[in-house]
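A look at the structure
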Amino acid sequence: MKKLITLAVLALYAIFAVAAGGSKEAAKTSSDGPVNIKVWVSSGSEDDKYKEILDRIEAETGIVITDEYYPKDELDQKLQVSPLVGDTPELIIADYLMIPSYYTSGLIQPLDEYMPKDLYEDFIPSVKNETNYDGQIVSIAQFDAGMALWANKSMLENAGVRIPESWEDAWTKEEFEDALEKLQESGVPYPLYIRQNKTSSLYFQYMPFLASFGGSYLDENTMLTTGALDSEGTVAAFEYLQWMVDQNYINGACDYENGFYERKESALALLGHWKYADHVNFLGDDAILVPCPDLGGGVFSCSGSTVWAMTTAAADNGKAEAAWTILEKALEPENILTVTDFNGAIPSRISVMDQVENLKEGGRLYLYRKQLEDGISVLRPLTPAHMTIYNAMQSVYSDVIGGADPYTALHNASQEIDEVIIDNGWNN
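None of the values given here were measured: they were computed from a predicted structure.

**With respect to the overall build of the protein chain**
Of regular secondary structure, the protein chain possesses 20 helices and 15 strands. By principal-axis analysis of the C-alpha atoms, the protein chain measures approximately 70 × 50 × 35 Å. Expressed as a percentage of its 428 residues, the buried residues of the protein chain come to 56%. Expressed as a percentage of contacts within the protein chain between residues at least 6 apart in sequence, the contacts between residues at least 24 apart total 77%. As presented, the protein chain carries roughly 17200 Å² of accessible surface, and 46% of it is formed by carbon and sulfur atoms.

**Quick word on the pattern of salt bridges**
Pairing is possible between side chains that carry opposite charge, provided their charged atoms lie close to one another. For the structure on display, the rule yields 21 salt bridges. For Arg-56, the salt bridge goes to Glu-334, with nearest N and O atoms at 3.4 Å. Here Arg-56, found in helix H3 (residues 47-61), pairs with Glu-334, found in helix H16 (residues 333-343); they are 278 residues apart in sequence, far enough to count as distant. Of the residues examined, Arg-56 reaches a relative accessible area of 16% and is grouped as buried. For Glu-334, a relative accessible area of 48% gives the class partly exposed. Between Lys-370 and Glu-168 there is a salt bridge, and its shortest N-O distance comes to 3.8 Å. One end of the pair, Lys-370, is in helix H18 (residues 366-373); the other, Glu-168, is in the loop between helix H8 (153-158) and helix H9 (173-185), with 202 residues separating them in the sequence. Judged by its relative accessible area of 17%, Lys-370 falls in the buried class. For Glu-168, a relative accessible area of 54% corresponds to the exposed category. The network of salt bridges with common partners includes Lys-49, Glu-52, Arg-56 and Glu-334.

**Details of the layout of surface pockets**
Counted as a void, the second largest pocket has a volume near 860 Å³. Taken together, 31 residues make up the lining of the second largest pocket; nearest its centre are Glu-46, Arg-195, Lys-198, Trp-274 and Thr-306. Those elements that place two or more of their residues in the lining of the second largest pocket are strand E3 (91-95), helix H10 (202-205), helix H13 (276-283) and H16. Considering each element in turn, the lining of the second largest pocket owes the most residues, three residues, to H10. Here the lining of the second largest pocket is built from residues that sort into 11 nonpolar, 12 polar and eight charged.

**With respect to the packing of aromatic side chains**
Under the definition given, this model contains 19 aromatic pairs. With centroids separated by 5.7 Å and ring planes inclined at 75°, the aromatic side chains of Trp-40 and Tyr-70 adopt a geometry described as edge-to-face. Placement of Trp-40 in strand E1 (residues 36-42) and of Tyr-70 in strand E2 (residues 64-70) is noted, with a sequence separation of 30 residues between them. In terms of burial, Trp-40 and Tyr-70 fall into one category: buried. Their ring planes at 80° and their centres at 5.7 Å tell us that Tyr-103 and Tyr-133 sit as a pair that is edge-to-face. Taken together, the positions of Tyr-103 in helix H5 (residues 99-104) and Tyr-133 in strand E4 (residues 132-133) put the pair 30 residues apart, joining distant regions of the chain.

**Side note on the pairing of E2**
Inspection of the sheet shows E1 paired to E2 by seven bridges, in the parallel sense. Bridge assignment links Lys-38 to a residue of E2, and that residue is Thr-66.

**A closer look at the sheet that holds E1**
Two strands in a sheet stick together by hydrogen bonds in their backbones, pointing the same way (parallel) or opposite ways (antiparallel). On the basis of which strands lie adjacent, the open sheet formed by five strands has the order E2-E1-E3-E13-E6 and mixed pairing. The sheet is open, and its two borders are formed by E2 and strand E6 (140-141), each paired with just one other strand. Two strands pair when backbone bridges link them, and E3 and strand E13 (residues 306-310) are joined in this way by five bridges, in the antiparallel orientation. In the sheet register, Leu-91 faces E13, and the bridge partner there is Met-310. Here helix H4 (residues 72-85) sits on the sheet and contacts E1, E2 and E3; the angle it forms with E1, its principal contact strand, is near 135°.

**Examining the nonpolar core**
Core analysis: the biggest nonpolar cluster contains 141 residues, and Phe-176 and Met-244 have the highest contact counts within it. With residues near it in sequence (within four places) discarded, Met-244 still touches Phe-176, Leu-180, Leu-192, Tyr-206, Phe-209, Tyr-249 and Ile-250.

**Considering empty space enclosed by the protein**
Evaluated as defined, the whole model comprises one cavity of 30 Å³ or more. Quantified by volume, the largest cavity comes out at close to 30 Å³. As for the largest cavity, its lining consists of Tyr-190, Leu-192, Tyr-193, Gln-196, Asn-251, Cys-254, Tyr-256, Gly-259, Glu-265 and Ser-266. Grouping the constituent residues of the lining of the largest cavity by class yields five nonpolar, four polar and one charged.

**Section: the state of the cysteines**
Summed over all chains, the structure comprises zero disulfides. With no disulfide of its own, Cys-254 lies 18 Å from the sulfur of Cys-292, the closest cysteine sulfur. Cysteine Cys-292 is unpaired, with the sulfur of Cys-302 as its nearest cysteine sulfur at 7.4 Å. A residue is classified by how much of its surface remains accessible, and Cys-292, at 1% relative accessible area, is buried.

**Side note on the environment of Thr-383**
When you line up the elements, Thr-383 lands in the loop between strand E15 (377-379) and helix H19 (386-401). For Thr-383, a relative accessible area of 1% corresponds to the buried category. Taking C-alpha positions, Thr-383 is 35 Å from Val-280, a pair spaced 103 residues apart along the chain. Not counting residues up to four positions away in its chain, the partners in contact with Thr-383 are Leu-97, Pro-100, Leu-218, Met-223 and Ile-389. Polar contacts involving the side chain of Thr-383 include one to the main-chain amide nitrogen of Ala-385, which spans 3.0 Å.

**So, the confidence of the model for the protein chain**
When pLDDT is averaged along the protein chain, the result is 91, and 93% of the positions lie at 70 or above. With pLDDT under 50 throughout, residues 1-30 is counted as low confidence; its partners more than four residues away or in other chains account for 30 contacts.

Each value, and the rule that gives it
Residues numbered from 1 in each chain as written. Predicted model: local features only at pLDDT ≥ 70, side-chain atom pairs only at ≥ 80, totals over all residues. Heavy atoms only, no water. Helix = DSSP H or I, 4+ residues; strand = E, 2+ residues; numbered from the N terminus. Buried < 20%, exposed > 50% of the residue type's maximum accessible area, 1.4 Å probe, protein only. Contact = heavy atoms within 4.5 Å. Areas by Shrake-Rupley, 256 points an atom, 1.4 Å probe, with all protein chains shown as cover. Salt bridge = Lys/Arg side-chain N within 4 Å of Asp/Glu carboxyl O. 1 Å grid on protein atoms, 1.4 Å probe; cavity = no way out; pocket = protein on both sides within 12 Å on 5 of 7 lines; lining within 4 Å. Points joined across faces, edges and corners; volume = space filled by probe spheres on them. Nonpolar A, V, L, I, M, F, W, Y, C, P; charged D, E, K, R; others polar. Phe/Tyr/Trp six-rings, centres within 6.5 Å; stacked < 30°, edge-to-face > 60°. Pairing = 2+ DSSP bridges. Axes fitted to C-alpha atoms, helices over the stretch in contact; angles between N-to-C directions. Core = buried A, V, L, I, M, F, W, Y, C linked by side-chain atoms within 4.5 Å. Disulfide = S-S within 2.5 Å. Polar contact = N/O pair within 3.5 Å; in protein donor to acceptor, adjacent residues only side chain to side chain. pLDDT = per-residue confidence, 0-100.

And the structure:
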C-alpha cells in the first residue's frame, strides 16, 4: 500500500510540476513590498462568498491574496504533492476532516500562539472540538453545520402528521414510520429525500440515523473500523436505509438535487444547512426544520464544517503573521455573516450567533442552534484515515441503496480500510 501511495504521489508530481512552473519565484516578495498569500479552497457553493471575503480582507490589510479553487479530491491530491512541487499555499480552506492527515504529514501550522483567549472563548463548543487535534488548535471555523430534517409544512399538515418543534419531542421510530406511510398515502411520491444522487455526502448526512441505531464509523479506542463499521448498530442502520428504499419511501434511483424543494416529490429531506437558500426560495414559509427521529438510541444531529488552516509553508516563508491576519479577519462578524447569511449555517462565535434573527427562539433555524447548544451533535471521526473511510463509504452507501447485503458491504469495507490504517500506522 505504501508503495502504491508513493507511486501515486510521484505520478501526481509529474502532473502538477509543469503547471506549478515558477510558483516558487512567484511567491517571493521584496522586503519592502506587499506580502503575497496564496489560499487554496475546496470548491463548493460558497466560492463566491469566499472571494468576496478575501477581496475585502485584501483591501483592508494590503496583503495580496491569490485564491485558487479546486474540487475536494483534486485539492487533496495537490496538497499531497505540494511539498515536492514547492507550491504549498500559506492557507487552506477545506473540510475539517482533511486537516488531521495534513497535520500528520507536517503541512499544518498550529495556531495556539496566535489565538487570543477572548476570541477562542467565543467559539461554540462543537467548533472547538472540530478545530482541535493532537491537543492543539489546528484550524479555525466561521461556522458549524446545521443538520436536521427539512420538511414541507403543508405536506405534513395535509397528511395529518404531527410536527415536532424541538429535538426533545422528536418522532419515535414508530411515529416516523407512520409519518412516512401517511405521506405516501396522501400522494407524496417519495416521502424522504436523502441526496441519493451524491452518496458521498451521506457519510455526513446519515450520521444522526447511524448514531440513533448505536452505530459508528470508527472505534475511537483502537482507531480502527473493525467492531464499529461492521457492528450490530451500524448494520441495523444500513438495513433500515435499505428498507426505506424498498418501501419506496426513498427513490433509490434519484439522480437529481431538487426532489424536495422544486419537484416537491418529497415532504422530508435529510439535508443540512447548505441547501437553505433553495429550500426557502422555492418553498417559502413551508420550508421548516424538524429533528431527526429517535430510532431507539436517542435523538442526534451531526456537525462539522469547512475550516481555515495555516500551513507550515507560511512559517517557512516568513509569512505566518500575514497569514494569521487573514485568519483573524475571517472571524470578524461581517465576514462570518457573509457566509452564514448565504448558506444558513451556524456562526462559529456565540456573539455573532446572537445577532441572527433566524437563530433566536422561534426563528426558522433555531433548532440548529438548540441542538448544538444541548450537545446532541456527533462529529465524524478525526483521523488521518478520513479520506480512506470517506471514499469507501461512498461505495457502501451506493451499494446498499442498490440492494447489496448491508453486513457484507460494511464488513468488506472495514477490512479494506483497516488494512490501509495499519499499513500507515494511523492507529498508533
